[in-house]
Amino acid sequence: MRLKEIIRNTNFYFLFFFLFLFFYYLLVFDSSLYYHNFQPIFLFDKTYLKKFLLYPGGVVELITQFFFQFFYFNLLGAFFLSALILSIFIFIYKFIKKIGDFKYSLILSFLPIIFLLIIQNDYDFPLIITVKYLFALIFFLVYVKIPERHKVFFIPLSCLIYYILGGWIYLFYVVICVLHELLFSKDRGKYIYAVLNSFVYFIYTYIAARYLFMITIKEAYLYIVPFEFYMWPFNFNLNLYSYLFFLSFPVLQIALFFYFKYSKVKVKKQNKSLARFHHIPAQSILIILIAVLILTFSFDQREKKKFQIDYLAEQGRWNELLNISRGMEEYTVHIIFNVNRALYHTGQLLDNLFYYPQIVGQDVLFLENVPRPIAIATSDLYFDLGHIKAAQVMAYEGHTKFGYNPRMLKRITMTNIILEEYDIAKKFLDILNKSILHKKWVKHYRNYLFNESSIKSDSLIQSKRKLIPKFDFFIAVDKNSDKDLIKLLKENENNKMAFEYLMAYYLLDCRFDDLLEHLDKFKKLGYRKYPRNIEEALLLIRAVSPSESAKFDYSINAQTIKQFEQFHSIRSKLKNKVEAKEALRKGFYNTYYYYILYIRPEKTKRE
């Protein structure tokens, strides 16, 4: 094919746009983080499949789940997401070219894509909506191509389209069909078809709510995504850009109608002059430039880091987590929660605890008093601590909310294997085995069922079994979690994580008497010296009660003493609290002294 022919071919520019999107979603957005946030799963199971068929819109959601699961692989996720957006772009372009020859068809087709790029750039935006939008356009283009004499039969059959799409997207489909009839159709019965489309929308949705499905009238007319998407961690709601995305295509139809009606330029439907092709490269370049600007300004790098941190915590890649979390402009409670876990697993918890802003004090260790569902995160922490039954309880709680969540299904399976409840573990392995994505994981752990000799080679399971409390106790979620740590230590005094978390808890809550009571365990657990943050706390205790120094098993590092003296010297010279805080921030922000004097009183002190 000659170069001129390539330049004239619109498909060349669509391919270029696809490649641009592909590398963006692969290298910048990272589609695997999108997967991590939603944790989609597709099971070849009658019970699982049936639940999607019990309400309007479930069919497309089922299709979405099938493709969404492959976002686990960033490469496949980037491909599918790029192909999805490009498909919408092409369908809009095909519609414009069908109604008339417009030399700026390419750039005009891109207008709805502008809003799609913005909303799809959000990790919390449900992919289901974009897929449903594509299906609505497909059904619309099928409708446009139907001969007039067949429409009277096709429109009543749109009850199937309603069942496939669901209320809100079906409304969008009906609106663009009605507008097409009123604005572009030359059929004699166009007004009848417009009214008939509107009529079946109201009738079908009402019948669906009253007689066919267990849904409310509001859901019948306006359903768009499953109910759980409106809750944390997604907190989904249609925002301004979402509404503009849905409105853009109908507005585009109206604008084209007025253009073709009042423009003095003669419309040629089939013959495309060579001069028209000269506009395509310029339009394509403009589209790419607009896309770059939109994606740059709508992408939230802080949100990406938040999901990266949670993803790395799930993977146990603690050093990478700490590298990403350093120097962030804003820290959330959940970020610090995972940072503290990373600090422990890399042996830094009691040395570098205050390198990060412990923004809610001791509550951040167990997510105490955090007004959000915390089942998944708490299950992770209790699993780390070796309180396997508590981790299992939290996993079941997360399972009741998120249903077929692979992360929770795996946790329930693992805890039952550790607890030697093999029959229960087998049931959950059977569920996961119906997923393409998790068969390898299932195959590995299925070998452990009723096979203690194989389990002995698994260091993770063996280490967790050693930490299991001999006696069950209720977990104190949302209040006084230090009691859980004390009980874990009574059950197993070698539970190092429970001990370090207990010491961190006392540091953050400024409970010096409790800290001193457990101080001797550093020596019993084989520490060769006190960690830095413990030394800083002991210097404060010594300053207040010199006699307490006799209880110290180790001498305090000379550098820590020197830093404490410098801190005290600068602070004593500055009587103004605000000036002292600012003067000490740079050199002492990561010390326990700075936390206790300038952070905790302002942020976390209990009334």
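Further up the page is the structure itself.
Residues numbered from 1 in each chain as written. Predicted model: local features only at pLDDT ≥ 70, side-chain atom pairs only at ≥ 80, totals over all residues. Heavy atoms only, no water.

S.K.: Describe the pattern of salt bridges, with residues and values.
M.R.: All told, the structure shown has 21 salt bridges when counted by the stated rule. Here Arg302 and Glu330 are joined by a salt bridge, their closest N and O atoms 3.4 Å apart. Taken together, the residues Arg302 in helix α18 (residues 301–315) and Glu330 in the loop between α19 (318–325) and α20 (333–345) connect sequence positions 28 residues apart. Residue Lys524 pairs with Asp520 through a salt bridge whose shortest N-O separation is 3.1 Å. For Lys524, a relative accessible area of 63% corresponds to the exposed category. The class of Asp520 is partly exposed, set by a relative accessible area of 29%. Here the residues in one salt-bridge network are Asp310, Asp380, Arg407 and Arg411, joined through shared partners. (Salt bridge = Lys/Arg side-chain N within 4 Å of Asp/Glu carboxyl O. Helix = DSSP H or I, 4+ residues; strand = E, 2+ residues; numbered from the N terminus. Buried < 20%, exposed > 50% of the residue type's maximum accessible area, 1.4 Å probe, protein only.)

S.K.: Requested: an account of the environment of Pro112, with residues and values cited.
M.R.: Within the secondary structure, Pro112 sits in helix α8 (residues 111–119). The class of Pro112 is buried, set by a relative accessible area of 0%. Between the C-alpha atom of Pro112 and that of Phe89, which follows or precedes it by 23 residues, the distance is 8.1 Å.

S.K.: If you had to explain empty space enclosed by the protein to someone new, which residues and values would you point to?
M.R.: The rolling of a water-molecule-sized probe over the atoms marks out the regions of remaining empty space. Counted by the stated rule, this structure contains 2 cavities of 30 Å³ or more. In this structure, the largest cavity occupies an estimated 60 Å³ of space. Lining the largest cavity are Tyr13, Phe14, Phe16, Phe17, Phe89, Leu106, Ser284, Ile287 and Ile288. For the lining of the largest cavity, the elements supplying multiple residues, two or more each, are α2 (10–29) and α17 (279–298). At 4 residues, the largest contribution of residues to the lining of the largest cavity is made by α2. For the lining of the largest cavity, a count of residues per class yields 8 nonpolar, 1 polar and no charged. (1 Å grid on protein atoms, 1.4 Å probe; cavity = no way out; pocket = protein on both sides within 12 Å on 5 of 7 lines; lining within 4 Å. Points joined across faces, edges and corners; volume = space filled by probe spheres on them. Nonpolar A, V, L, I, M, F, W, Y, C, P; charged D, E, K, R; others polar.)

S.K.: Tell me about helix α35 (residues 558–573), and name the residues and values.
M.R.: A rise of 1.5 Å per residue sets the reference length of α35, with its 16 residues, at 22 Å; its end C-alpha atoms lie 23 Å apart and thus fit the reference within 8%. When α35 is considered as a whole, its buried residues turn out to be Thr560, Gln563, Phe564 and Phe567. In an axial view of α35, the angular spread of the buried residues amounts to 100 degrees, which keeps them on one side of the axis. Every exposed residue of α35 that faces more than 90 degrees away from the buried side is listed here: Ala558 and Lys573. (Expected span 1.5 Å × (residues − 1). Arc of directions from axis to C-beta.)

S.K.: Requested: an account of a nonpolar patch on the surface, with residues and values cited.
M.R.: Among the surface-exposed residues, Phe199, Ile203, Tyr206, Ile207, Tyr211, Leu212 and Ile217 lie close enough to one another that they form a single nonpolar patch of about 690 Å² accessible area. At 6 residues, the largest contribution of residues to the nonpolar patch is made by helix α13 (residues 190–212). In this fold, Tyr206 is placed in helix α13. What makes Tyr206 partly exposed here is its relative accessible area of 36%. (Patch = residues over 30% accessible without salt bridge, like charges linked within 9 Å, V, L, I, M, F, W, Y side chains within 5 Å. Areas by Shrake-Rupley, 256 points an atom, 1.4 Å probe, with all protein chains shown as cover.)

S.K.: Any chance you could break down the environment of Tyr311 for me, citing the residues and the numbers?
M.R.: Tracing the sequence through the fold places Tyr311 in helix α18. Residues Tyr311 and Phe383 lie 72 residues apart in sequence; the distance between their C-alpha atoms is 16 Å. Sequence-distant contacts of Tyr311, defined by excluding residues within four places in its chain, comprise Leu33, His36 and Arg317. (Contact = heavy atoms within 4.5 Å.)

S.K.: Now, about the state of the cysteines: what can you tell me, with residues and values included?
M.R.: Summed over all chains, the structure comprises 0 disulfides. In this model Cys159 remains outside any disulfide bridge; the closest cysteine sulfur is found in Cys177, 14 Å from its own. (Disulfide = S-S within 2.5 Å.)

S.K.: If you had to explain the packing of aromatic side chains to someone new, which residues and values would you point to?
M.R.: A complete count under the given rule lists 83 aromatic pairs for this structure. Each ring, one from Phe29 and one from Tyr34, has its centre 5.7 Å from the other, and the planes form 80 degrees; the classification is edge-to-face. Assigned by exposure class, Phe29 and Tyr34 land together as buried. Measuring from centroid to centroid gives 5.1 Å for Tyr530 and Tyr554, while their planes differ by 80 degrees, and the two rings are edge-to-face. Taken together, the residues span a long stretch of sequence, with Tyr530 in the loop between α33 (521–524) and α34 (532–544) and Tyr554 in the loop between α34 and α35 at a distance of 24 residues. Residue classification places Tyr530 among the buried positions, given a relative accessible area of 0%. Looking at Tyr554, the relative accessible area reads 17%, which means it is buried. (Phe/Tyr/Trp six-rings, centres within 6.5 Å; stacked < 30°, edge-to-face > 60°.)

Geometry only, nothing functional implied.
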